[in-house]
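Now for the letters of each chain:
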Amino acid sequence: MELKRLFLKANNELENSGQGGKDRKVTCRKCQKKNTVTKIRNNNFVCPDCGHYFQVRARRRILMLTDRRSFIEMNRDMKSVNVLGFPEYDDKLRSAMDKSRENEGVICGEAQVDGHKICIFSMDSNFMMGSMGAVVGEKITSLFEYATVRNLPVLGITVSGGARMQEGMISLMQMSKVSAAVKRHSNAGNLYITLLTNPTTGGVDASFAMLGDITLAEPGARIGFAGPRVIEKSLNRSLPKDFQKAERVLECGFIDAIVTRSEQKTYIAKLLKIHGM
Ligand SMILES: [Zn+2]
């Protein structure tokens, strides 16, 4: 870690309270009720009053789904470069690093779920809305290649606005690069489970997020390619209220199950056990 980042505070209010100081209260933006950070955290970052799902950081997701101290991170130091000289991209990268305290929008590594060894990637909405550039694509591709050689299942937790526009075609080609690695992993007979969280959209939705052998989602998560406003304008008609919501996407057959946060680890462990992993 760079020294100048040593004393930065996490930008996510839920991640940054109740530790040594006063246990602050946070207002739920859905029901407007206040609860202490500890209470929300102990409830898997779900509002105790209305069930609203708060955003969860990538690293916290890994902690919530894997066995204690089993996670070994890979390629943490990979950082994006402004290869196209896109205006203000360098500043955006710097501010994303400060905000997320991560080097990129995805965290990859090896871990265990109830004793089952897996490879895991977890995207971070605090890093340029989990957008996929060359580094995100490369990290996930490397993870699949690592898992293929070792015959390990992959668990992917997605949250993303899509491809990173500041990297142009380089970001778009990550869709096919990761998809090809997923296919090679699948051809070798390995299991790939995805957990789609709010929102999983754009080029991530149109590639590896929807390529899982088993596709799970969180309640109410937005899952889709283009945003509803774009679709409404281009089709010139209004869309149903539940458009692109996980519940509707399940009805349409694009995902296999909606799993609440409190059940996710047990559910995934069961899947791994059934598949003999
Ligand atoms: Zn609430």
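These figures come from a predicted structure and were not determined experimentally. (Residues numbered from 1 in each chain as written. Predicted model: local features only at pLDDT ≥ 70, side-chain atom pairs only at ≥ 80, totals over all residues.)

Details of the overall build of the chain
Next up, step 1: Tallying secondary structure elements over the chain gives nine helices and 10 strands in all.
Next up, step 2: Whereas a compact globule of 277 residues would reach a radius of gyration of roughly 19 Å, the chain reaches 19 Å, a difference of no more than 12%.
Next up, step 3: Buried positions account for 39% of the 277 residues belonging to the chain.
Next up, step 4: A separation of at least 24 residues holds for 66% of the contacts in the chain among residues at least 6 apart in sequence. (Helix = DSSP H or I, 4+ residues; strand = E, 2+ residues; numbered from the N terminus. Rg over C-alpha atoms; globule rule 2.2 N^0.38 Å. Buried ≥ 20, exposed ≤ 12 C-beta atoms within 10 Å, placed from the backbone. Contact = placed C-beta atoms within 7 Å.)

Observations regarding unusual backbone geometry
Next up, step 1: Residue P199 is bonded to the preceding N198 through a cis peptide linkage, with omega at -15°.
Next up, step 2: With respect to the helices and strands, P199 occurs in strand β7 (residues 192-201).
Next up, step 3: You will see that N44, though not glycine, has its phi angle at about 60°, which is positive.
Next up, step 4: Looking at the element boundaries, N44 is found in the loop between α1 (37-42) and α2 (58-65).
Next up, step 5: For R69, which is not a glycine, the phi torsion comes out positive at approximately 60°.
Next up, step 6: Of the residues examined, R69 has 9 C-beta atoms within 10 Å and is grouped as exposed.

Here we look at the nonpolar core
Next up, step 1: Of all hydrophobic cores here, the largest spans 47 residues; its most connected members are I118, I140, L143, V154 and A217.
Next up, step 2: If we skip the residues at most four places from it in the chain, L143 touches M74, C108, C119, F121 and V154. (Core = buried A, V, L, I, M, F, W, Y, C linked by C-beta atoms within 7 Å.)

Some thoughts on the pairing of strand β5 (residues 116-123)
Next up, step 1: With seven of eight residues buried, β5 lies mostly within the body of the structure.
Next up, step 2: Sheet analysis places strand β4 (residues 106-113) next to β5, joined by eight bridges and oriented antiparallel. Bridged to C108 within β5 is F121.
Next up, step 3: Hairpin connection between β4 and β5: a loop of two residues separates the two successive antiparallel strands, and D114 in this loop has a positive phi of roughly 50°.
Next up, step 4: Examined bridge by bridge, β5 and strand β6 (residues 154-160) share four bridges and lie parallel to one another. (Pairing = 2+ DSSP bridges.)

Concerning the domain arrangement of the chain
Accessible area lost upon the coming together of the parts serves often as the stated size of an interface.
Next up, step 1: Once the domains are mapped, the chain shows domain 1 (24-54) and domain 2 (56-274).
Next up, step 2: Between domain 1 and domain 2, the C-alpha centre-to-centre distance is 24 Å.
Next up, step 3: Contacts between domain 1 and domain 2 engage five residues on the former and eight residues on the latter.
Next up, step 4: Tallied by class, residues from the side of domain 1 that touches domain 2 come to four nonpolar, one polar and no charged. (Domains from an automatic or database assignment. Nonpolar A, V, L, I, M, F, W, Y, C, P; charged D, E, K, R; others polar.)

Things to note about the pairing of β7
Next up, step 1: Counting buried positions along β7 yields nine of 10 residues, so the element is predominantly enclosed.
Next up, step 2: Pairing analysis gives six bridges linking β6 to β7, with the strands arranged parallel. Bridge pairing in β7 links I157 to L195.
Next up, step 3: Pairing between β7 and strand β8 (residues 214-217): four bridges, direction parallel. Residue pairing across strands places T194 opposite T215, the latter belonging to β8.
Next up, step 4: In the sheet, β7 pairs with strand β9 (residues 223-224) via two bridges, with the strands oriented parallel. Each residue of the ladder has a partner; that of T201, found in β9, is G224.

Points about the environment of I157
Next up, step 1: Relative to the assigned elements, I157 resides in strand β6.
Next up, step 2: With 27 C-beta atoms counted inside 10 Å, the residue I157 sits in the buried group.
Next up, step 3: Note: C-alpha distance between I157 and G130 (27 residues apart in sequence) is 11 Å.
Next up, step 4: The contact partners of I157, leaving out residues within four places of it in the chain, are R61, S122, M123, L195 and T197.

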